Amino acid sequence: MDTLSYKTISANNATVNKDWIVVDAAGKVLGRFASDVAKLIRGKHKPGYTPNVDCGDNVIIINADKIILTGKKWDDRVYQRYTGYPGGQRDTTPRQLKAKSSTLLVERSVRGMLPKNRLGRELFRNLYVYEGAEHQHEAQKPTIKEI
């Protein structure tokens with residue numbers, strides 16, 4: 001028996017094949033959609049997945065303004081942040097966040113499903129979110145994927 005057949009091949013930055021994927025968010029539920037996008041960005045759908053390497057794809061999300069939340073989550077859910085000053089706790093609802101920019105809502109939910117370390121910050125740079133149906137990445141020849 002050949003002993004070379006037992007070697008595990010791990011991906012690294014030189015051997016990773018990164019694709020460009022376009023995903024339409026129109027009519028999708030935010031949390032379920034964000035978890036699927038996080039899997040694509042992380043690369044867990046690929047057979048050569050390596051946990052400590054950026055082996056995922058570049059994901060372009062279009063129609064982020066048409067994302068939906070179920071139930072009363074538009075007003076009942078609260079995102080909290082802290083400014084660093086005494087009494088500086090700030091609350092925001094998804095409705096307020098979408099009024100500012102609907103891309104922030106999608107980006108926040110995807111970022112929360114990525115690792116909280118250097119790799120997660122690097123993976124988040126592979127996400128591009130647009131409110132409408134147009135994007136500026138035609139030169140990369142992205143493929144359309146249905147989620």
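Residues numbered from 1 in each chain as written. Predicted model: local features only at pLDDT ≥ 70, side-chain atom pairs only at ≥ 80, totals over all residues. Heavy atoms only, no water.

S.K.: What's the story with unusual backbone geometry in this structure? I'm lost.
M.R.: Among all residues save glycine, negative phi is the norm, and among peptide bonds the norm is trans. Its identity as a non-glycine residue notwithstanding, N63 has a phi of 60 degrees, on the positive side. Among the secondary structure elements, N63 is positioned in the loop between β2 (58-62) and α2 (73-76). Accessibility expressed as a relative area gives 8% for N63, which makes it buried. A positive phi angle, close to 55 degrees, is found at K141, a residue other than glycine. Within the secondary structure, K141 sits in the loop between β5 (127-129) and β6 (143-144). (Helix = DSSP H or I, 4+ residues; strand = E, 2+ residues; numbered from the N terminus. Buried < 20%, exposed > 50% of the residue type's maximum accessible area, 1.4 Å probe, protein only.)

S.K.: What should I look at first to understand the packing of aromatic side chains in this one?
M.R.: What describes a pair of aromatic rings is the distance from one ring centre to the other and the angle between the planes of the rings. The full count for this structure, using the stated rule, is 1 aromatic pair. Summarising the aromatic geometry, the rings of W20 and Y128 are spaced 5.5 Å apart at their centres and angled 25 degrees between planes, so their arrangement reads as stacked. Of this pair, W20 sits in strand β1 (residues 20-24) while Y128 is found in strand β5, placing the two residues 108 residues apart along the sequence. Of note, R111 hangs over the ring of F124, and the distance from its end group to the ring centre comes to 3.8 Å. (Phe/Tyr/Trp six-rings, centres within 6.5 Å; stacked < 30°, edge-to-face > 60°. Lys NZ or Arg CZ within 6 Å of the ring centre and 35° of its normal.)

S.K.: How should the nonpolar core be read in this particular structure?
M.R.: Within soluble globular proteins, side chains that are nonpolar generally end up buried alongside one another. Core analysis: the largest hydrophobic core is formed by 27 residues, its most contacted members being V37, I41, V59, I61, L105 and L127. The set of elements that each furnish at least two residues to this core consists of β1, α1 (30-42), β2, α4 (102-111), α5 (118-124) and β5. A total of 7 residues in this core trace back to one element, the largest contributor, which is α1. Excluding residues within four positions of it along the chain, L105 makes contact with L30, I67, L69, W74, Y79, P94, L97 and K98. V22, I60, I62 and Y130 belong to the second-largest nonpolar core, a separate cluster that totals 5 residues. (Core = buried A, V, L, I, M, F, W, Y, C linked by side-chain atoms within 4.5 Å. Contact = heavy atoms within 4.5 Å.)

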